[in-house]
Every structure is written in C-alpha cells, then in structure tokens.
Amino acid sequence: MSRTPVRQEIKRTHIGKRCKPVTMARIILLAKPKKVVTSKISPRPPQVAKPVTVAKVPKPSRSTSQSPKPISKPLKKENFWNRLAINGIPPQSPQSCEIAQAQVEQFKQQMQEYRGVGDGETSPDEIEESAYKEVEPLQLLQIYGPNRNMQARRNEINRGSEDGLEMVAASSLEEYYLSGGKMIPPTVQEFIGPLKINRVGDGRGRGLVLSSDVVAGELLLISNHIAKVSKMETEILEGNFALEAGCWTGSHILAEQLVGVLSAQAWRSSRSRAMLATLCSRGGEELPVPPISLFRNDDTQGNTGCDSDTPGRSHTPFDRNEITRLCGVVQCNAFGHTHVTRKNNKDMTRSWSCGLWILPSFMNHSCIPNVSTVVIGDAMIVVAARNLQCGDELTVAYFDIFRPLKERRASMLHSWNFVCQCPRCILEENMDDTLRLIAQAYSLRETEAALTVQVLHIEKQRSQRWDKSWSPYSVIDLAQLAEYIEKVLYQERLSRDERNWIRASFLSAYLADGKRLMVDVRGLEEPRRRSHARKTHIQTALAAAKSVTPGHPQTLQIAAVVLKRAIQAYGKKSFLVEKARKRALGICVRLFGPHREEVLDKIVEAAADDVLSSCVVFLSRP
Ligand SMILES: C[S@@+](CC[C@H](N)C(=O)[O-])C[C@H]1O[C@@H](n2cnc3c(N)ncnc32)[C@H](O)[C@@H]1O
C-alpha cells in the first residue's frame, strides 16, 4: 500500500499530481456471508473428547432391517484430494468448499445413523469433531493451495481456527472482488497467523515477529478496526472540509472524530480500554509486550473485532490525561485510508477514512517493507509481500515510500520521531552528494508536470477537446530526468536491487512517460503527438516499485497499466501479454493473498482504474 501521509496525499491530489480528487464513501457492513462452510461445523466444542475414528464405532447388526448401509472404511483425507483432482475443481474455489460441506454433512449423517443403532456412546460433540477433521484438508486447500507443507499449515490452522474463521474470510471476499468493488464489502472474520509480539531492538520498541517461515502471498493477519470514521467526497465538495493553502484539513478532523469515538468505546468496553492501553502514544515510549492472545476475539464478540457494548457495566470515562494519551495513540497508530469503489460501470466514488486496527499497529516501518496491507470494509488484511523466515519482523510503510530520502526522513521525523535505518535509507544517505541535486531537480519538475496535467484536465473539461497548441513539455522534462538518473546509476557500482531502490525514490520521473502522468496526458493528447514521448520507462518503474515493495497498490496499478498497454499493442493472445498478466497476478497475490486466477484477473482489471486496492497510510501529524 502506498504510505503517503494523508495530508501529503491530499496535497498532491489538490495539485493534480497523482490522484483524482478525493471522495469519501461510507462503507456499510454486510451481515455474515452466506457461504460459510465452517458454520456447519463450528463452533468446535470447547472440551472435545478424543476424536472419534470410524473403527471405534460399533458396527450395526446385519439382521436389523432399518439399519443404514455401514461405512466399509473410514473416509480418508486423501479422498478429498483425489476428488478435487478428478473433478478438476480448482483449489480455493467455492466449489471445493461445497464439496467439503457436503462431505461433512454426509459423514455426520452416517455417524448419527450408527449411533442410532449402536451403543449410543458417541456424543454429538465427537461426531462434530470427526466431521471437522474431515474437512480440514479442504480448509488448507482453500487458504494455501495444494503445494504447501501440509503439516505445518495444519498446525497453523488448528491453532488459529479454533473458531473456524479463515475460510470464511478467504471465500467471502472473493465474491466482493469479483463484483469489481461494486458490492458492499462483507464483514470479514479475524485471523491471526504465525505471529507474536516481541521487542525488536534498535530503539524500535515492540514489533510483530513471525513464528514460522511463510511464503510471499501468504495471509498473515486479518484484523477488524476497533473504530473508524469516514467521509465521502460529496461531503468535502459540500464544503464541510476546508482546503487551506492546498492542504486538506479533513484528515485531522477525522482524527479528532476518531479520538471521540474511541473514548466513547473505551468508556463502555473494558476490552477496548485494555487494548488501547497497549498502544504507544509517542515515539520511543517503552511499554510492556502484551500477549497476542489479548487480541484474539472470542465467540461472544462475534469475531468481528468491533467491540460490543457491555450493558450494565459501568466504566469511568477517560479523564483529561487519558484523552491526551488517546490523541497520541491515534497520532502514532491510526491508519488513513483512501478507497475507490465503483458505483456503477461509469461512476466511481472515493472515500477517506481514518481508523485504528490494533494488531497491525504493532508493525514498524521500513522503506523496503516486507508485508502489504489492504482495507476491505472494516478489515485490514496483512499479506506477506516476500518470502520470510521465522523470526523476521513484519514491516510496513507508514507513508509514501516512492519519495526521495529527504522527504521520507521529514515524514518519519515529523510524525513519528524516528530515523529509518533500513538498507535503502543507508544507501541513499551514503550517496547523498550524488543524489542531492537530482532530488532538487526532481522536486521542481514533478510539481511543474503535475500542474501541467491539472491545467490540461481543466482545459479538456472546459472545451471538451485537446488544444493542439499545448505540449506537455514539463512532463517530457520530468521523463528526461529519468534518463539522467539512469546515466548516474550506470556510473555507480550498485547491485540491481540498489539501483531499483534509487529509481523508486524518483518514481514519477519514470512514470512521466507512463502511468498517471502519461495516462492523463496521453488521454488528452492527439495521437500524432505521441512522437513527443521519450523512451518509455514504465517497465523500469515497475521493476523499481516491485523491488521496493512487491505488494503495493501502486506497484499493482503500474503492472495493470503495463498489461493494458500490452493487450492494446499485441492483442490478447500474445505471449508478451501473458507474461505481463502473470507478473500482475504475482503482485496481486502479494497484496490480496491467494485467490483463484479468475478473482486475481478481476482485481488487476480494477487496479488499472484505481478501484479495489485501497491506499492505506499511517496518519501523519498535521
Ligand atoms: C505504530 S507504532 C509501532 C509499534 C511500536 N514500535 C510500539 O512498540 O508500540 C510507531 C512507532 O514505532 C517506532 N518505529 C516504527 N518504525 C520504526 C523504525 N523503522 N525505526 C525506529 N522506530 C520505529 C516509532 O517510535 C513510531 O513512533
């Protein structure tokens, strides 16, 4: 996800550099999704006796006329795999869920029948447990696909799915993705993967650390917000929010509102209060390491993460000191989130929200993060963006990391009071003499190009046609800077990754002939003016973005645009198109987690229009 601080993002939006004007859309929650495979078999009994094996069940007497046909041998887990393979049903599909569901039902029924004619020793709980055990391989399939270390995954599932949550999350979201973001987002069940909270050293306080190896694209965490406030674009346009000197003050009004909502929540719920107390309120604050179990929901709370009222319980309201601390907590931990949804085939609506997701707040920042986050409705979904090892710390980007070092440092110091010491920051620090002038030229040209595009948009809206006397020279100048950067990089002894990290700091220069600016300008330009374009750097931009953050909405968007262009140029059947598609799907998995190809294709399609993949940032200080 792009980590532009809310304020900065809006500012750029205002001058038309990156985004269309910001819209707000209140996302209403749906009831639980219809297809909940685990609902048939959950909740698992809290004190389950030894799981029943079919062998233990007494066989019915053959002489009994009403006795059901006995099961000749136990239902083997391999049967599920074989069945899937034979029927050619893709893993992780609703069909595989349905098979699992039917199989469990059948299994339960047969067990009941046995019980009816047997000694009655098998309790319903045991039957439930056996059925659960049968469906387990499909859960694994659903979530992780077929080629995984099954035992390790099973351990994770058993640990994390005491209430059978993961599959609900995985399957219910696909429907939403397939709608291209037109549906109301579903309520997603929470999930905590192989994670623990640890102290991470180097003055970074606590962080989320992996307790087992994971592969890129693996689902790590689904967390529902404890509180969120949103505003729609219409509300901004109606003047509820002021635009002051090119800076939208709305995000800070939202943050204030969030403090209000949180304090009310803490007043009525001791759990919310306890969870809020674990979060830091300023940079460098030393707080104890809370157990991760504190953040696991139990069934009484519906597993939605949103804390319920506790009627009859009286808590004291926050006093002045606590409110001050809460402001710090919001400042340090709240995520700003922009979301575009499609109202219909033509119209899009954009919303800005600000919320607090407790567990994701423990993730520290890196300018080359290793996880990605998307927000769908109330849920923040954290996915491994790279292959990671047990003991690795999860890192996210707190702000837009496609910026030069100086700007990144300003953001982190101003809002969170730390200096990132990731390898990319250290590299750029060491190359400061070389990069300083480039950064200055970049800043000027980028602003100029953004203004040009803005003017072109206004002009097009006014006259409905392209004024041929205009040439987007400032955009071309920016693209030229990319060529200069390439020359400089060529002279330095750098690894491929290091070159890409630096390119990513000047990403707009590489996109000036591509992506936003390119798309905007070319959208307005007459075809013959294409000759003005310099060498296209969009492929380089994609490689740079991928190397810095492989699971990021902006990376995905560039990949989607590359794919779109390849289709336009070579037709759908070309192998170049297939290559571009596979690359886009790979990024998509690193952002949204594992899904069927059909679903991933839909997300990529939507990403080209900036839909579905939300932009999540930590809220920066005004
Ligand atoms: C959202 S909290 C992250 C969790 C925090 N480490 C804790 O113990 O609660 C943000 C704070 O973590 C610290 N932090 C995050 N990323 C850091 C980094 N890369 N280097 C140093 N400190 C960092 C800063 O103090 C920042 O204000």
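Look up: the structure comes first, before these words.
The following paragraphs examine the structure supplied in this document. Worth saying up front: this structure is predicted, and the values here are computed from it rather than measured.

If you check the shell around the ligand, you find 18 residues, and the closest are R204, R206, S361, N364 and H365. N364 is positioned such that a nitrogen or oxygen atom in its side chain is 2.8 Å from a nitrogen atom of the ligand. In the environment of the ligand, an oxygen atom lies 3.1 Å from a nitrogen or oxygen atom belonging to the backbone of W416. Alone, the ligand offers 560 Å² of accessible surface; in the complex the protein occludes 95% of this. Elements with a contribution of two residues or more to the shell around the ligand: α10 (320–333) and β10 (364–365). For the shell around the ligand, a count of residues per class yields 8 nonpolar, 8 polar and 2 charged.

For the rest of this paragraph, the subject is the packing of aromatic side chains. With the rule as written, the count across this model stands at 8 aromatic pairs. Judged by centre distance (6.1 Å) and plane angle (25 degrees), the rings of F399 and W416 are stacked. In this pair, F399 sits in the loop between β13 (395–396) and α11 (405–416) while W416 sits in helix α11, placing the two residues 17 residues apart along the sequence. By relative accessible area, which is 4% here, W416 ends up buried. Grouping aromatic residues by their ring pairs yields a cluster made of Y398, F399, W416 and F418.

A separate point is the pattern of salt bridges. Scanning all chains against the criterion turns up 21 salt bridges. R403 serves as the salt-bridge partner of E407, at 2.8 Å between the closest nitrogen and oxygen. The shortest N-O distance in the salt bridge between E578 and R581 comes to 2.8 Å. Of the two residues, E578 and R581 both sit in helix α20 (residues 575–592), 3 residues apart, roughly one turn of that helix. Connected through salt bridges with shared partners, the residues E578, R581, K582, E597 and D601 form a single ionic network.

The next thing to look at is the sheet that holds strand β1 (residues 191–192). Strand order in the open sheet formed by 4 strands is β1-β4-β12-β11, and the pairing between neighbours is antiparallel. Here the strands that pair on one side only, and so sit at the sheet edges, are β1 and β11 (371–376). Bridge analysis of strand β4 (residues 219–224) against strand β12 (residues 379–384) gives 5 bridges, and the strand direction is antiparallel. Paired with S223 across the strands is M380, a residue of β12. On top of the sheet, α20 reaches β11 and β12; it is set at about 75 degrees to β11, its chief contact.

Here R445 is to be found in helix α13 (residues 432–463). Along the chain, R445 and L481 lie 36 residues apart, while their C-alpha atoms are 8.6 Å from each other.

Below, the discussion takes up the packing of α20 against helix α21 (residues 597–608). Viewed as axis vectors pointing N to C, α20 and α21 meet at an angle of 95 degrees, and their least axial separation amounts to 9 Å. Viewed along their axes, α20 and α21 adopt a mutual orientation that is roughly perpendicular. Between α20 and α21, the residues in contact are R581, K582, A584, L585, C588, V589 and F592 and E597, L600, D601, I603 and V604, respectively.

We now examine the packing of helix α19 (residues 553–570) against α20. At a closest axis distance of 9 Å, the pairing of α19 and α20 adopts a crossing angle of 160 degrees. Taken together, the axes of α19 and α20 are roughly antiparallel relative to one another. Where α19 crosses over α20, the two elements pack in a sense that is left-handed. Between α19 and α20, the residues in contact are P553, T555, L556, A559, V562, L563, A566, I567 and Y570 and L576, V577, A580, R581, R583, A584, I587, C588, L591 and F592, respectively.

Along β12, 6 of the 6 residues are buried, which leaves the element largely enclosed by surrounding structure. Side chains A379, I381 and V383 of β12 all project onto a buried face; the interleaved residues M380, V382 and A384 project onto the opposite face, where all are buried too. Sheet topology places β11 next to β12; 6 bridges connect them, and they run antiparallel. Across the sheet, residue V375 finds its bridge partner in β12, namely M380. A loop of 2 residues connects β11 with β12, the two strands running antiparallel in sequence, and G377 in this loop sits at a positive phi of about 65 degrees.

Let's shift gears to unusual backbone geometry. Here D202, not a glycine, exhibits a phi torsion of approximately 55 degrees, which is positive. Its location among the elements puts D202 in the loop between β2 (195–199) and β3 (206–210). On the basis of relative accessibility, which here comes to 74%, the residue D202 falls in the exposed class. Unlike most non-glycine residues, N417 shows phi in positive territory, near 60 degrees. Residue position: N417 is located in the loop between α11 and α12 (423–430).

About the cut-offs
The numbering scheme is per chain: residues are counted from 1 as the chain's sequence reads. A pLDDT threshold of at least 70 governs which residues receive local features in this predicted model, and a stricter bar of 80 or more applies before side-chain atom pairs are shown or counted, although totals over entire chains, interfaces and linings include all residues. Heavy atoms throughout the structure, all of them, feed into the side-chain values; hydrogens and water do not. Here, proximity means that at least one heavy atom of the residue falls within 4 Å of the molecule or strand. Polar contact criterion, stated in full: a pair of N or O atoms within 3.5 Å, where within protein one must be able to donate a hydrogen and the other to accept it, and residues adjacent in sequence count only if both atoms are side-chain atoms. Note that accessible areas follow from Shrake-Rupley with a 1.4 Å probe, and for residues the cover is restricted to the protein chains shown. Helix and strand definitions here come from DSSP, where helices need a minimum of 4 consecutive H or I residues and strands a minimum of 2 consecutive E residues; each element is numbered from the N-terminal end. All residues other than Ala, Val, Leu, Ile, Met, Phe, Trp, Tyr, Cys, Pro, Asp, Glu, Lys and Arg, Gly among them, are scored as polar; the first ten of these are nonpolar and the last four charged. Stacked, tilted and edge-to-face pairs are distinguished by plane angle, under 30 degrees for stacked and over 60 for edge-to-face with tilted covering the rest, among Phe, Tyr and Trp rings (Trp via its six-membered ring) whose centres lie within 6.5 Å. Between buried and exposed lies partly exposed: a residue is buried under 20% and exposed over 50% of the maximum accessible area for its type, with that area taken using a 1.4 Å probe on protein chains only. The working definition used for a salt bridge is a side-chain nitrogen of Lys or Arg within 4 Å of a carboxyl oxygen of Asp or Glu. Two strands qualify as a pair provided that DSSP identifies no fewer than 2 bridges between them. The contact criterion used is simple: two residues touch if any of their non-hydrogen atoms lie within 4.5 Å. Where helices are involved, their axes are fitted lines through C-alpha atoms of the stretch in contact, as for all axes, and angles between N-to-C directions lie from 0 to 180°. Roughly parallel covers angles under 35 degrees, roughly antiparallel covers those over 145, roughly perpendicular covers 65 to 115, and oblique covers all other angles. The handedness criterion is simple: a crossing whose near helix is rotated anticlockwise from the far helix by less than a right angle is left-handed, and one whose near helix is rotated clockwise is right-handed.

These results come straight from atomic positions and should not be treated as a statement about function.
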